[in-house]
Structure formats: structure tokens, C-alpha cells
Amino acid sequence: MLSSSRMIIALSFLSMVVGLAQGFIAGYNISPLKIASFNVRHFGKGYIEDETTHSYLVKIMARYDIVLVQETRDNTGEAIEHLRKNLDEATGEFWKVIESKKLGTNSRYLEQYVYFYRDKSATFVSSYQVNDSKHDIYAREPFCVEFAYTSSSKRHRNSKVPIHRENVVFLAIHTRPKDTRKELEELPHTIELLTDVYPHASGIIAMGDMNADCDFLAGKWRKSLTIFNNKKYNSLISDTADTVVKESSDCAYDRVITYGRHLNIKNAKVFNYQSWLHLDEEEALKISDHFPVEFDLY
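Cut-offs used in this document
Residues numbered from 1 in each chain as written. Predicted model: local features only at pLDDT ≥ 70, side-chain atom pairs only at ≥ 80, totals over all residues. Heavy atoms only, no water. Helix = DSSP H or I, 4+ residues; strand = E, 2+ residues; numbered from the N terminus. Buried < 20%, exposed > 50% of the residue type's maximum accessible area, 1.4 Å probe, protein only. Contact = heavy atoms within 4.5 Å. Areas by Shrake-Rupley, 256 points an atom, 1.4 Å probe, with all protein chains shown as cover. 1 Å grid on protein atoms, 1.4 Å probe; cavity = no way out; pocket = protein on both sides within 12 Å on 5 of 7 lines; lining within 4 Å. Points joined across faces, edges and corners; volume = space filled by probe spheres on them. Nonpolar A, V, L, I, M, F, W, Y, C, P; charged D, E, K, R; others polar. Disulfide = S-S within 2.5 Å. Pairing = 2+ DSSP bridges. Core = buried A, V, L, I, M, F, W, Y, C linked by side-chain atoms within 4.5 Å. Polar contact = N/O pair within 3.5 Å; in protein donor to acceptor, adjacent residues only side chain to side chain. Expected span 1.5 Å × (residues − 1). Bend = angle between axes of the 7 residues up to and from the residue.

The subject of this paragraph is the overall build of the protein chain. Looking only at helices and strands, the protein chain has nine helices and 13 strands in total. Across the 298 residues in the protein chain, those meeting the buried criterion constitute 47%. Taking the intrachain contacts of the protein chain between residues at least 6 apart in sequence as the baseline, contacts between residues at least 24 apart amount to 71%. Accessible area for the protein chain stands at about 15,200 Å²; split by element, carbon and sulfur atoms hold 50% of it.

Bringing empty space enclosed by the protein into the picture now. Within this structure, the stated rule accounts for one cavity of 30 Å³ or more. Roughly 40 Å³ of volume is contained in the largest cavity. In terms of residue class, the lining of the largest cavity is built from four nonpolar, five polar and two charged.

Evaluation of the coordinates by the stated rule reveals one disulfide. Put simply, Cys 214 and Cys 251 are joined by a disulfide, and their sulfur atoms are 2.0 Å apart. Taking the torsion about the S-S bond as the criterion, the Cys 214 to Cys 251 disulfide, at about -105°, is left-handed. Placement of Cys 214 in the loop between strand S9 (204-209) and helix H6 (219-222) and of Cys 251 in the loop between strand S10 (233-235) and strand S11 (254-259) is noted, with a sequence separation of 37 residues between them.

Glancing now at the pairing of strand S5 (residues 109-118). A large share of S5 lies buried, amounting to eight of its 10 residues. Bridge analysis of strand S3 (residues 95-99) against S5 gives five bridges, and the strand direction is antiparallel. Within the sheet, the bridge partner assigned to Ile 98 lies in S5 and is Tyr 115. Pairing of strand S4 (residues 103-106) with S5 involves two bridges; the strand directions are antiparallel. When the sheet's bridge partners are listed, Asn 106 is paired in S5 with Tyr 109.

By size, the foremost hydrophobic cluster in this structure holds 29 residues, and its most contacted members are Leu 57, Phe 116, Tyr 273 and Ile 287. If you list the elements that add at least two residues to this core, you get strand S1 (33-43), helix H3 (51-61), strand S2 (66-72), helix H4 (78-91), S5 and helix H9 (281-287). The dominant element in this core, judged by the number of residues it contributes, is H3, at five residues. In contact with Ile 287, other than residues within four places in its own chain, are Phe 38, Val 40, Arg 41, Tyr 47, Thr 53, Tyr 56, Leu 57, Ile 60, Tyr 273, Leu 277 and Leu 279. The next biggest cluster of nonpolar side chains, apart from the first, holds 28 residues, and it includes Ile 35, Leu 103, Ala 122 and Phe 295.

This next bit is on the side chain of Asp 179. Among the secondary structure elements, Asp 179 is positioned in the loop between strand S8 (164-172) and helix H5 (180-197). With relative accessibility at 11%, the residue Asp 179 sits in the buried group. Polar contacts involving the side chain of Asp 179 include one to the side chain of Arg 176, which spans 2.6 Å.

Looking now at H5. Compared with the 26 Å implied by 1.5 Å per residue over 18 residues, the 25 Å span of H5 between its first and last C-alpha is a close match. Residue Leu 187 marks the point of greatest curvature in H5, where the axis turns by about 30°; the proline Pro 188 follows within four residues. For H5, the full list of buried residues reads Thr 180, Glu 183, Leu 184, Glu 186, Leu 187, Pro 188, Thr 190, Ile 191 and Leu 194.

This is the structure in C-alpha cells:
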């Protein structure tokens, strides 16, 4: 039987070990990654000039670890860097940026896909620009980025390693409205080809303004598409969701489609920043005409 002094020493040692273990786990940041896809209408120099709107945009994006921004039209790169620096200041953490090349069928109107991410939360591994020059189906070819992150999700039921590194691939897509059906018919072929490019990834997550509702993709056509009717694909945003700011519209344009049985995703939804920031419709539309779609990646 231990004396009281030895018992105190033993308990102190146990407390120290538990504290070190907790610190070890915390160092791996096992919280899920919070991800968003956000069509920020015509993001460019105008957002620098409007300080109020820019500050709202920073508040919205600071909620996430990785944000895909679409409709970026920033010829000089000044707006992208200004936003990145403001995210640094707002969060007290270092943010990085990965940009696609300028994409589009009209040289007078080109867009970029831009990923903003917290350096401490995810590690950039590689990027891949889909080349569609042979078939010319996509107006803005998908742009893929592979990240590594620390996951607490068990890949296998009997796994004894709950904390481990995972690689995941995000595929950015912004369809041209008049070609939405054609582009989304092609998307499954693109995703399955990417499994050869990224053989070690836990899965592929396609996200963006897919214009997948209302006038651009009627329900009967949506039901005929592989990404919406094949069990290999999981559409995380409901057909009944409203991703548009205008009260007069009710359309689920922005989507998140997953491919890969090892992905563990929860809490996928539309983020209504208008109500969160207590804005009227006119103020909200200065930020964008779309709400972000978001989810947690474990």
C-alpha cells in the first residue's frame, strides 16, 4: 500500500502524463477542417475600394480553414493579396493562396479559381489544372488542389490509429449557365480520371457554383445526371436549398459533390451571411449574389 506522500507523487506524475498527451493531441489540431465554396461575384479591385464590404468578406472567410473563391477577376493580383493579408490580421494566423490560371472562352472575360487556406490547418501538396482543349466542354476547366491534413476519423472500424494524416483533393468548378447540363455530364468522367492522378487521396470533393437548379438545370435533367443519381457520388447540398441572396430567387446553384468512401464529412449546409451579419438585401448583395456552401471535414 502506498504512503500518502508516494500517492501524491504518483498522482502528480499521472497528471503530468495526461497533460503531455493532451498537448500532443492538441498539437495535431484534430478539430475538423471547416471548408467553404464561395462565388464572390466579380471579386477584384472593387472590394479593396469598398472597405465596409471588404471587412464583411473577411469576417465571413475567417470562419473557415479552406475557402474556394470563384469569379475572381483580379488582373494585378492586388485584391487577392489584400484579402490574404486582412485574413492574417483578422485571425492572427498566416494564410496562403493557390490560384488557377485565368480561365474562360472570351479573352475579355476571364476568371480564376482561388483557394485561401490557413497554413497551420492544412498543407498544400499539389495542384492540377484539368486540360479540356481536346473536347472543349468546360467553359472554365476545373482546377484541383490536393491538401494534407490531420484527421481523427478512423478509416477502418478496427483501426488503432485514430490520429493520422490524410490527403484530400478539392475540385473547383463554375459552370457556364447555358452549358451547365453538358459540363455536369462530363464531371463524373473528370473525377474518375483524377483517381489516377491522386491514387493516395482519401477522396475527391467537387464544389462550386454549378448552376445546378432553376432555369439552368431543370429537375428532370438533374435527375438524369450521374453525379446526382449514382451512389458512387454524394451530393451534400439539398435540391431544396437556396444558395442565392435575392429573396425573389430560390435556387440551389452551389453544390458539393463527394467521391470516395474514406471521406468523413458532416454539417454540410448553406451559410446565410445576411442574417449572420444583420444586413439588408442591398448590403448583402454588395458582398455577393451567392451564399457560401460549407461543411466539416474530419
